[in-house]
Amino acid sequence: MEILYPRCAGLDVHKDSVVACVRCVSPPTHQEVRSFATTTVGLLALSEWLASHSCTHVAMEATGVYWKPVWHMLEGHFELILANAQHIRNVPGRKTDVNDATWIADLLAHGLIRSSFVPPTPIQELRDLTRTRKQLVREVSQHSLRIQKVLEDANIKVGSVLSNVLGQSGRAMLAAIVAGESNPKRLANLAQGTARMKKAELTEALRGRVTPHHRAMLKLHLDIIAALETALSEVDAAVGKALEPIRARAQLLTTMPGISDIASQVVVAEIGVDMSRFPTAGHLVSWAGLCPRNDESAGKRRSTRVRKSATWLKTTLVTSAWSAVRVKDSYLRAQFLRIKSRRGAKKAILAVAASMLTAAYYMLRDGVEYRDLGAAHLDRRDKTKTINRLVRRLRDLGCAVEIPQAA
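Here the structure is a predicted model, which is why all the values come from computation and not from measurement. (Residues numbered from 1 in each chain as written. Predicted model: local features only at pLDDT ≥ 70, side-chain atom pairs only at ≥ 80, totals over all residues. Heavy atoms only, no water.)

Undergrad: I would appreciate a short explanation of the layout of surface pockets in the present structure.
TA: To find leftover empty space, a probe the size of one water molecule is rolled over the atoms. Its boundaries defined by the atoms lining it, the largest pocket holds a volume of some 1800 Å³. If you go around the largest pocket, you meet 45 residues; those closest to its centre are Asn 84, Ser 116, Phe 117, Trp 287 and Ser 309. Secondary-structure elements contributing two or more residues to the lining of the largest pocket are helix 2 (67–74), strand 5 (79–83), helix 4 (121–153), helix 11 (281–287) and helix 12 (311–324). For the lining of the largest pocket, the per-class residue count stands at 20 nonpolar, 13 polar and 12 charged. Elements supplying a minimum of two residues to the lining of the second largest pocket: helix 13 (331–343) and helix 14 (345–366). Across the lining of the second largest pocket, the residue classes break down as seven nonpolar, one polar and seven charged. (1 Å grid on protein atoms, 1.4 Å probe; cavity = no way out; pocket = protein on both sides within 12 Å on 5 of 7 lines; lining within 4 Å. Points joined across faces, edges and corners; volume = space filled by probe spheres on them. Helix = DSSP H or I, 4+ residues; strand = E, 2+ residues; numbered from the N terminus. Nonpolar A, V, L, I, M, F, W, Y, C, P; charged D, E, K, R; others polar.)

Now the structure itself:
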């Protein structure tokens, strides 16, 4: 097999150590393995050692977050390749740190490692912020559910009357309950906006058995939610600042149905704005895990399940797809209904998410707004298929159908 990189190295990265294997086939031919600490001093020594062997390419596994400091320290000095651990798994029974580093170096020398997508540093920082924001929103939702649990334990049924317990009316009532108020009528008078029309229902819902323990738990969760919301506002400000150089590209995505400002920020943070990293839209969809895997044996497709990949991007696109398919007379809704009738709603919504990501690829690449193809696009694309499908449907219903030839 042809050797593409005569001077390269493979790194087996761990939390406290890095096992490096240098593989040189150009004179002088040699192979050397050495371990380094993952401290800054240790990584600087690793960089100097690799440079002393005139290495041009360095490959490492994507091991949690441990690869990131190694990547940042070596970036700019060598051509770095981040490998998916599943793609370079060694033969069972030969698992040691030294063997892993040697195996990675051998694969790299022959060009058998596919590099994973590593966005530039500004996009990585934006990605950290959007992911942190999502985690904070999840934690707010969790504590909101815990407040509901405490209220149910106290037989306070305000959640059955108000659509949002943490809205203005709900928070005012919860604050009064924590302060010691127990009169249902006085609590119901704290309702604001349209909730004031439900005072009679609120009075009955607020008649419960609230103990000091319930008040302490409610105060605890409300304080945590307030702290989380403060952190959320800080993260939103940081996202806005990090997004400033590419805000125009992110705004393009909001012209697509189902894509909100937050969803567009997540998409840009996950895939960046430079689409040259992906040869085609199909490569991007495959990287995001929104297409069926290749699993064929003896001419039979064994599985069409999607891969576990790009979880943060996939969940955002699927959520946006559910919103997009509600837009009437749109291509995405027509695509969803067409696939849903044959394959079910889950596979149909994944197909819609893949179409949205494909559109995002061309929008970011060409800098253009979204242009909807229309609900009739699929019918216009192949009229013969549409006619045959409708004829089969009528015949299944017991109708005799004949299609005369057009003059």
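Undergrad: Sorry if this is basic, but what is going on with the packing of aromatic side chains here?
TA: Following the criterion strictly, the structure yields seven aromatic pairs and no others. Between Trp 67 and Trp 71, the ring centres sit 5.8 Å apart and the planes meet at 85 degrees, which makes this aromatic pair edge-to-face. Linking Trp 67 with Trp 71, this pair stays in helix 2, spanning four residues, or about one helical turn. Both residues of the pair, Trp 67 and Trp 71, count as buried. Members of the aromatic cluster, connected to one another through ring pairs, are Phe 117, Phe 278 and Trp 287. (Phe/Tyr/Trp six-rings, centres within 6.5 Å; stacked < 30°, edge-to-face > 60°. Buried < 20%, exposed > 50% of the residue type's maximum accessible area, 1.4 Å probe, protein only.)

Undergrad: How should I be thinking about the pattern of salt bridges in this particular structure?
TA: Summed over the entire model, instances satisfying the criterion amount to 12 salt bridges. Residues Glu 270 and Arg 131 are paired through a salt bridge, measuring 2.9 Å at the closest nitrogen-oxygen approach. Of this pair, Glu 270 sits in helix 10 (residues 261–271) while Arg 131 sits in helix 4, and the two are 139 residues apart along the sequence. Salt bridges sharing common partners tie together Arg 127, Arg 131 and Glu 270. (Salt bridge = Lys/Arg side-chain N within 4 Å of Asp/Glu carboxyl O.)

Undergrad: How should I be thinking about the nonpolar core in this particular structure?
TA: Across soluble globular proteins, nonpolar side chains show a tendency to be buried alongside one another. In this structure, Val 158, Leu 202 and Leu 357 are the most contacted members of the largest nonpolar core, which totals 76 residues. Tallying contributions element by element places helix 14 first for this core, with 13 residues. Leave out the neighbours within four places in its chain, and Leu 357 touches Ile 271, Leu 284, Val 285, Ala 288, Leu 290, Leu 313 and Leu 317. With 23 residues, the next largest nonpolar core counts Phe 36, Leu 43, Trp 49 and Cys 55 among its residues. (Core = buried A, V, L, I, M, F, W, Y, C linked by side-chain atoms within 4.5 Å. Contact = heavy atoms within 4.5 Å.)

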